[in-house]
Amino acid sequence: MACELWAGKLDAYVDGELPPADERAFREHLRGCAWCAAHSLELLQTKRAVHSAASKRFLPDASFRARMQKAFAVPRNPGRNFNWLPALAAVAAALLVVVALSFTYNRNRVRERQLMSELADLHVATLASSNPVDVVSSDRHTVKPWFQGKIPFTFNLPELAGSPFVLLGARISYLNQTPGAELIFRVRQHQISVFIFQDRAVGTVLAKEMARTELSFNVQSWSRNDLRYFVIGDASADDLDKLSSLLKSST
Amino acid sequence: MCVSEERLVPASFEELAMPLLDRLYNFAHWLAGNREEAEDLVQETFAKALKGFSSFQPGTNFRAWIYRILRNTFLTSRTGLKSAATVPLDAEGGNDALPATQRTPESILLERLDQQLAREALDQLPVHYREILLLCEVEEMSYQEISATLAIPTGTVMSRLSRARRALRDTAQKMQRS
């Protein structure tokens, strides 16, 4: 069944064009509506596919660029002396360094954004799925052994008694063709996914510890013992902090 | 604090336009479909923009202004006139913005749109869908900027974008099946 209440606003949501109050209401709604979650994900995938298919697809060739530069560049006043030559050389060298640094920085930023958006997709896919977990158990002593032989590493799960978090279950997840663990927790009405992958599946684009917001989800990530942890959900940053601390204390 | 005199001088045409050259060329090529026409289109756009630069108000959106010139130049070109002739008259009519309902969340998650397919499907789309997808996803313009570029109300931007995305997926699915 289509969601009549929000179907007409999904595009505005994925384009970040909903007024803040509507966006908050929609995020609340998204938790309980598989139809909206799946269609939002579909729109995000379409956006990403068009972006990567069409960006910089066609580049002007050098002769056209030179022609345009010549035709539209404003002629400069010639300098009166040549004292500026060494200064120009220094500026050019500095510029090269800046260009090289910003290139590396931008490339890492792009990779980081792709990675975060991939994780947000995985989390939304779990929310939207009618079978969100492969192993249904709130017992860490059942969930951890279930992964044996399914993923190429092992990890520890924290004791949750006395905390507001409930372990709902777990599933195998994939990032960059490498298998990892996805643990699904609940805190009040919010669902949180914890992804654990080997560091080498993620690469070196992320800082050792980080926290940010991706597509309105809060995300925390850290690396420990060659494993990269991601905690993602629409719960508050404070809740994510608490769950992250519990996970860190168990590793 | 002292503001240097140079900061008060409005940016020159070259300073504003040249950094957009690559992006304008990419957009032009997607509209026109080949290198020669894309080059002519960009060159003509720059010439028109330079000529009309005195009418451009500093501080307003230069990007939307120059994209609008490029797009209007394209629509009056031979290829543009031909492609505009295929625009359905009722393109903006009706309220069929709701996505198709017969698909389940699971079936949607299985249909991932890959880059190659998206590229081919984008090529097949009518120009009014292709241009709005490019402005939104590639140029990352806000609805307000798109509205200024295409000279349509923001409500129409939203409904046209929604139709364009659906048309893209439908086209991709048809291509996959054949």
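Residues numbered from 1 in each chain as written. Chains lettered and ligands numbered in written order. Predicted model: local features only at pLDDT ≥ 70, side-chain atom pairs only at ≥ 80, totals over all residues. Heavy atoms only, no water.

1. Description of the overall build of chain B
Phase 1: Helix and strand counts for chain B stand at eleven helices and zero strands.
Phase 2: Secondary structure elements in chain B, listed N-terminal to C-terminal, are α-α-α-α-α-α-α-α-α-α-α.
Phase 3: Of the contacts made within chain B by residues no fewer than 6 positions apart, 70% connect residues no fewer than 24 positions apart.
Phase 4: Total accessible area on chain B is roughly 9,400 Å²; 53% of this is exposed by carbon and sulfur atoms. (Helix = DSSP H or I, 4+ residues; strand = E, 2+ residues; numbered from the N terminus. Contact = heavy atoms within 4.5 Å. Areas by Shrake-Rupley, 256 points an atom, 1.4 Å probe, with all protein chains shown as cover.)

2. Re the nonpolar core
Phase 1: Counting residues in hydrophobic clusters, the biggest one holds 94 residues, and the most contacted among them are Cys36(A), Phe230(A), Val42(B), Phe46(B), Ile66(B) and Leu122(B).
Phase 2: With eleven residues, helix α3 (residues 34–54) of chain A is the largest single contributor of residues to this core.
Phase 3: Not counting the four nearest positions on each side in its chain, Cys36(A) is found in contact with Cys3(A), Trp6(A), Leu10(A), Phe26(A), His29(A) and Leu30(A).
Phase 4: Ala170(A), Ile172(A), Phe185(A) and Leu247(A) belong to the second largest nonpolar core, which has 27 residues in total. (Core = buried A, V, L, I, M, F, W, Y, C linked by side-chain atoms within 4.5 Å. Buried < 20%, exposed > 50% of the residue type's maximum accessible area, 1.4 Å probe, protein only.)

3. Quick notes on the packing of helix α5 (residues 62–75) of chain B against helix α10 (residues 143–150) of chain B
Geometrically, a packed helix pair is captured by the angle between its two axes and the distance between the axes.
All names here are of chain B.
Phase 1: Contact geometry for α5 and α10: axes closest at 8 Å, N-to-C directions at 40°. Compared by their axis directions, α5 and α10 come out oblique. Crossing of α5 over α10 shows right-handed handedness. Contacts from Arg-63, Ala-64, Tyr-67, Arg-68 and Arg-71 of α5 reach α10 at Glu-145, Ala-148, Thr-149 and Leu-150. (Axes fitted to C-alpha atoms, helices over the stretch in contact; angles between N-to-C directions. Parallel < 35°, antiparallel > 145°, perpendicular 65-115°, else oblique. Left-handed = near helix turned anticlockwise from the far one by under 90°.)

4. Observations regarding the pattern of salt bridges
Pairs may arise between side chains of opposite charge once their charged atoms sit close together.
All names here are of chain A.
Phase 1: Enumeration over the complete set of coordinates arrives at 23 salt bridges over all chains.
Phase 2: Here Arg-48 ties to Glu-118 by a salt bridge, and the two come within 3.9 Å at their closest N and O atoms. On the criterion of sequence distance, the pair formed by Arg-48 in helix α3 and Glu-118 in helix α5 (residues 84–128) is long-range, its members being 70 residues apart.
Phase 3: With relative accessibility at 24%, the residue Arg-48 sits in the partly exposed group. (Salt bridge = Lys/Arg side-chain N within 4 Å of Asp/Glu carboxyl O.)

5. Overview of the interface of chain A and chain B
Phase 1: Listed by partner, the interface residues are 47 residues for chain A and 46 residues for chain B.
Phase 2: Counting each side, the surface lost to burial between chain A and chain B is near 4,300 Å², with a carbon and sulfur contribution of 61%.
Phase 3: The three residues of chain A that bury the most area against chain B are Val50(A), Phe58(A) and Phe72(A), which together make up 16% of that side's buried surface.
Phase 4: Scanning the region where chain A abuts chain B turns up seven salt bridges.
Phase 5: Residue Lys47(A) pairs with Glu137(B) through a salt bridge whose shortest N-O separation is 2.8 Å.
Phase 6: The interface formed by chain A and chain B contains 18 residue pairs in polar contact (both at pLDDT 80 or more).
Phase 7: Elements with a contribution of two residues or more to the side of chain A that touches chain B: α1 (10–14), α3, α4 (62–72) and α5 of chain A. (Buried area = accessible area lost by both parts, 1.4 Å probe. Polar contact = N/O pair within 3.5 Å; in protein donor to acceptor, adjacent residues only side chain to side chain.)

6. As for the packing of aromatic side chains
Phase 1: Under the counting rule described, the total for this entry stands at 21 aromatic pairs over all chains.
Phase 2: With 5.4 Å between their ring centres and 70° between their planes, Phe58(A) and Trp30(B) make a pair best called edge-to-face. Note that Phe58(A) is positioned in the loop between α3 and α4 and Trp30(B) in helix α3 (residues 21–32), a pairing that runs across two chains. Note on accessibility: Phe58(A) and Trp30(B) belong to one class, buried.
Phase 3: Through a chain of ring-to-ring contacts, three or more aromatic side chains come together here, namely Phe72(A), Phe13(B), Phe46(B), Phe53(B), Phe56(B), Phe62(B) and Trp65(B).
Phase 4: Between Lys248(A) and the ring centre of Trp222(A), over which it is positioned, the NZ or CZ distance is 4.8 Å. (Phe/Tyr/Trp six-rings, centres within 6.5 Å; stacked < 30°, edge-to-face > 60°. Lys NZ or Arg CZ within 6 Å of the ring centre and 35° of its normal.)

7. With respect to the confidence of the model for chain B
Fine structural detail should not be taken from predicted coordinates in areas where pLDDT scores are low.
Phase 1: Of all residues in chain B, 78% attain a pLDDT of 70 or more, and the chain-wide mean is 82.
Phase 2: As a predicted assembly, this complex carries a pTM of 0.56 together with an ipTM value of 0.83. (pLDDT = per-residue confidence, 0-100.)

8. A few points about the side chain of Thr73(B)
All names here are of chain B.
Phase 1: Here Thr-73 shows up in helix α5.
Phase 2: Owing to a relative accessible area of 2%, Thr-73 belongs among the buried residues under this scheme.
Phase 3: A polar side-chain atom of Thr-73 sits 2.6 Å from the main-chain carbonyl oxygen of Ile-69.

9. Quick notes on helix α9 (residues 127–138) of chain B
Residues and elements named next belong to chain B.
Phase 1: Compared with an ideal rise of 1.5 Å per residue, which puts twelve residues at 16 Å, α9 spans 15 Å between its outermost C-alpha atoms and is within 8% of the ideal.
Phase 2: For α9, a buried count of twelve out of twelve residues is recorded, marking the element as mostly surrounded by other parts of the structure.
Phase 3: Val-127, His-128, Tyr-129, Arg-130, Glu-131, Ile-132, Leu-133, Leu-134, Leu-135, Cys-136, Glu-137 and Val-138 are the residues of α9 that are buried.
Phase 4: Taken from the residues just after α9, Glu-140 is the one with a positive phi, measuring 50°. (Expected span 1.5 Å × (residues − 1).)

10. As for unusual backbone geometry
Phase 1: A positive phi is found at Lys56(A), a non-glycine position, where the angle reads about 50°.
Phase 2: For Lys56(A), the position within the fold is in the loop between α3 and α4.
Phase 3: The exposed category is assigned to Lys56(A), whose relative accessible area is 69%.
Phase 4: Residues other than glycine seldom take positive phi values, yet Glu140(B) does so here, at roughly 50°.

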